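Summary of structural features
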Amino acid sequence: MRRWSGALLLLSTVLSFSMPAWAGLDFTPTHEWTWADPNGHELRVTPVVARQGTCGPAVIAVSYRPVEGAGGYRIALVDENGTTINPDLGRTVYAETVALADMVGQDGIPEILAVTWDDDFLVCWELDGTERWIGRHAVPNALQSTLGVADFDCDDIPEMFVGSSVFDGGTRGPVPGAILPGDLFFTGSAGTGRPGFASHTMSHAVDLDSDGCLELLAGNSLYRPRDCGGGTGLLWDASVHGVPDGYTAVGDFIGDDGPEIMLVGNLTGSPAAWLLSPTGAVLGTSVFNGVAGPETSTPIALELDGDDKAEFALAHVGNGTGSPTTVMRTGEWVFDTSGNAIIVERTPIPVDDGTGASAPTAFDFDADGVDEIVHADEARFLILEAGNTTPLADLSRGSHGTRLEHPVVVQLDDDPHAEIIIVHDASDPADPSDDPVHDDVAGMSVYEIVGSDAPRAVWNQHAYHVDHATESADIPCEAKARPWATHGTWMAQVPACQIDFELGELPAGTVVTNQFLPQGVLVQSMTNQVVVFDTANAACDPDLETPSPTSATDNRVPRDRVLILMERESPCLPADDEDDGGLMTFTFTTPRDIDAIGLLDIDDRDATYVYVSTASGPYTFTADMLEDNSYQRLDIGLECVGKIIVDFGGSGAVTNIFCGQLDSDIQHWDASF
């Protein structure tokens, strides 16, 4: 027995480990539950999701039409099991304006936001249905516009925005003459995020220049709503370069480690795409090949080939003649010989959406480094692989009209797998093709991809990206709004959390001390130095190379930087892992839900244990001893974890930690054994 293991054997709860189910994943969705609209009418808009406090259950807010053909929608609150929490918050609202955000100041509990139908005022409710406040200034162009939430001034009280208009979240305490919640304080004079071919508006809060101060990206224009030292107002308007207003996505589309903006707008009657720099300069323009048509959905940024450069996906409506009438377009931006950015498309995939309002989303269900695309059109619910015209999954959705919507991929319950939420209209009972799940049911259905990786438990606003909110819808201050640098996605979901040791791009051999505290974890060892190992340059230990040159178990994708225990005697430099094993400790600055830990090269020298300390007690897990150069995801599945200790039986590395909650409002927790 290794000398440092004795005290740890006091941890008595032993859980078994099995190989990850996502190897050879079956993408067929399993129906979990359907919530029916209490009035049996229309649900056509993306629901929003967040946790009810730290480690708490999920809440879903969804808008539905109370009377067929009537103007306006009502909001219902539904729990993670499909049970109604509140069937009606009591006001009629615009369907796309529903959002969840912690508006009180990081108390860990989300509030519900929307814009009222009758007077166009912002309104805020507590989760119990209590109306917290209603605004006094009308929201311009609220019809079919999304409501966004961001903390532009970093005061822990978020602001709200629709198009190019921004509204205050209020002030703390009885300040004389204070701005009240819902007051309009900024309106941009140029773009709004509404393309010429559509009646929908969507804008985004983002830090394009990485100065720690949020901008408002509204189509072809960028605004500074709050003064960060350089005043407020219009920063640039790309219409001076001939770029129309439109839908946008932000990502590292050209592989330069910075953001670019993909804008889809109207060019001589049909959609086209522009690629803009962070300063609004035009890098290139592309028209879409093949099917011509009047409009597209909002674009998303995602990872399609593991090259660390963002690709895009969007739905494109055809001209109504021929087949298909709508396609899912995917592709990437490249530079031609003249230095202009152009789109290189993959094979378009037939879908069925006559308005183009239904957008895709994406998630890497099988954890292979490549995102799958999820889309719900007017007839079907699809999981797609880019460029493959045969869907990975194809289910009937029933007859359905679409508005500005997309499926939502989240983790709703306690199992470490992905759920997908879709909404649907009442079907035509005379149509024999109707799915029995949806037939004559206007409502919301949840499906699980059994064995998949676990996503985050939040999608708090329509124009969501991963840095917008914590899982309980706390809205971080501006410095976090750079998702191209952290996850490479835009309006797509990511794993519940991955601490992957890429922060700062530390060189191999770097001794780890507090470098990963920004990710909420302190890494230490009682036995060795913890150092960074570059798995792409594995001369000091070929068993840690990724991808595997020998087809070792599950080692199929690059894993870049991992953490090892440095060899104590005559190590190979710059980094060489300890043959005799040792202890590596991860202490979280706030409690986390831990889904799994990734381990590399756990061979058959001696058993490797993982000890986990939670609020409910300690647990012990045993890793599989596989062949050299193998990778394994050791499932944990525990809530409110404070500390993890990896007790290596020999050589090996930690590749990443798959985790959940990261809420800045939670106090530091003593995770000592």
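Placed above this text is the structure.
Read on for an overview of the structure. All figures in this text were calculated on a predicted structure; none of them were measured in a lab.

This brings us to the pattern of salt bridges. For the coordinates displayed, the defined rule picks out 20 salt bridges. Among the ionic pairs, Asp-183 bridges to Arg-136, the shortest N-O distance being 2.7 Å. A residue pair is termed long-range when its members are at least 10 positions apart, and Asp-183 in the loop between strand S13 (165-167) and strand S14 (184-187) and Arg-136 in the loop between strand S10 (131-134) and strand S11 (148-150) qualify at 47 residues. Under the relative-accessibility criterion, Asp-183 is labelled buried at 4%. Residues Asp-211 and Arg-224 are paired through a salt bridge, measuring 3.3 Å at the closest nitrogen-oxygen approach. One end of the pair, Asp-211, is in the loop between strand S15 (204-206) and strand S16 (215-218); the other, Arg-224, is in strand S17 (residues 221-224), with 13 residues separating them in the sequence.

Geometrically, the link from Thr-546 to Pro-547 is a cis peptide bond, its omega value of -10° lying close to zero. Cis peptide bonds are those with omega within 30 degrees of zero, and the linkage from Leu-573 to Pro-574 qualifies with 15°. With respect to the helices and strands, the residue Pro-574 is situated in the loop between strand S38 (561-565) and strand S39 (582-600). Notably, Asp-120 is not glycine yet its phi reads approximately 65°, a positive angle.

Strand direction decides the pairing type here: strand S9 (residues 122-125) and S10, joined by 3 bridges, are antiparallel. Across the sheet, Trp-125 pairs through a bridge with Glu-131, a residue of S10. Once S9 ends, the chain turns through 5 residues before running back antiparallel as S10, passing Gly-129 with a positive phi of about 95°.

A word on the sheet that holds strand S4 (residues 58-64). With antiparallel pairing, 4 strands are arranged side by side in an open sheet as S3-S4-S5-S6. Edge positions in the sheet fall to strand S3 (48-51) and strand S6 (84-86), since each of these pairs with one other strand and no more. The average undirected angle you get between the axes of adjacent strands in this sheet is 30°. In terms of strand pairing, strand S5 (residues 74-79) meets S6 through 2 bridges, oriented antiparallel. The residue of S6 that forms the bridge with Val-78 is Thr-84.

Let's shift gears to the sheet that holds strand S20 (residues 260-267). The strand order across the open sheet formed by 4 strands is S19-S20-S21-S22, and the pairing between neighbours is antiparallel. Two strands bound the open sheet, and with one partner strand each, they are strand S19 (246-251) and strand S22 (282-287). Between one strand axis and the next, the sheet turns by 20° as a mean value, whatever way the strands run. Two elements, strand S21 (residues 270-276) and S22, share 5 bridges in a ladder whose sense is antiparallel.

Mapped onto the fold, His-200 is located in the loop between S14 and S15. Residue His-200 is classed as buried on the basis of its relative accessible area, which comes to 8%. At a separation of 3.4 Å, a polar atom in the side chain of His-200 contacts the side chain of Gln-144. When neighbours within four sequence positions are excluded, His-200 is seen to be in contact with Glu-96, Gln-144, Gly-193, Arg-194, Pro-195, Tyr-247, Ala-357, Arg-403 and Leu-404.

A few words on a negative patch on the surface. Taken together, the side chains of Asp-256, Asp-257, Asp-307, Asp-308 and Glu-505 present a region of like negative charge at the surface. Residue class for Asp-256 comes out partly exposed when judged on its relative accessible area of 42%.

By secondary structure assignment, the location of Arg-329 is in strand S25 (residues 326-335). Placed 17 residues apart in sequence, Arg-329 and Phe-312 show a C-alpha to C-alpha distance of 8.0 Å. Engagement of the side chain of Arg-329 in a polar contact is seen with the side chain of Glu-345, the distance being 2.9 Å.

Another point: the packing of aromatic side chains. In total, this model carries 11 aromatic pairs according to the counting rule given. Look at Trp-35 and Tyr-64: their rings are 6.3 Å apart centre to centre, the planes differ by 65°, and that puts the pair in the edge-to-face class. Of the two residues, Trp-35 sits in strand S2 (residues 30-36) while Tyr-64 sits in strand S4, which places them 29 residues apart along the sequence. Measuring from ring centre to ring centre gives 5.4 Å for Phe-501 and Phe-516, while their planes differ by 75°; the resulting arrangement is edge-to-face.

A few words now on the pairing of strand S12 (residues 159-162). Neither face of S12 is exposed, since Glu-159 and Phe-161 on one face and Met-160 and Val-162 on the opposite face are all buried. In this sheet, S12 lies alongside S11 in antiparallel orientation, the contact comprising 3 bridges. The partner of Ala-150 across the bridge, within S12, is Glu-159. Bridging between S12 and S13 involves 3 bridges; their strand directions are antiparallel. Bridging from a neighbouring strand, Phe-161 pairs with Val-166 of S13. If you look at the hairpin formed by S12 and S13, you'll find 2 residues sitting between the two strands, and Gly-163 has a positive phi there, around 60°.

Rules used in this analysis
- Residues numbered from 1 in each chain as written.
- Predicted model: local features only at pLDDT ≥ 70, side-chain atom pairs only at ≥ 80, totals over all residues.
- Heavy atoms only, no water.
- Salt bridge = Lys/Arg side-chain N within 4 Å of Asp/Glu carboxyl O.
- Helix = DSSP H or I, 4+ residues; strand = E, 2+ residues; numbered from the N terminus.
- Buried < 20%, exposed > 50% of the residue type's maximum accessible area, 1.4 Å probe, protein only.
- Pairing = 2+ DSSP bridges.
- Axes fitted to C-alpha atoms, helices over the stretch in contact; angles between N-to-C directions.
- Polar contact = N/O pair within 3.5 Å; in protein donor to acceptor, adjacent residues only side chain to side chain.
- Contact = heavy atoms within 4.5 Å.
- Patch = residues over 30% accessible without salt bridge, like charges linked within 9 Å, V, L, I, M, F, W, Y side chains within 5 Å.
- Areas by Shrake-Rupley, 256 points an atom, 1.4 Å probe, with all protein chains shown as cover.
- Lys, Arg positive; Asp, Glu negative; His and termini not counted.
- Charge placed at Lys NZ, Arg CZ, Asp CG, Glu CD.
- Phe/Tyr/Trp six-rings, centres within 6.5 Å; stacked < 30°, edge-to-face > 60°.

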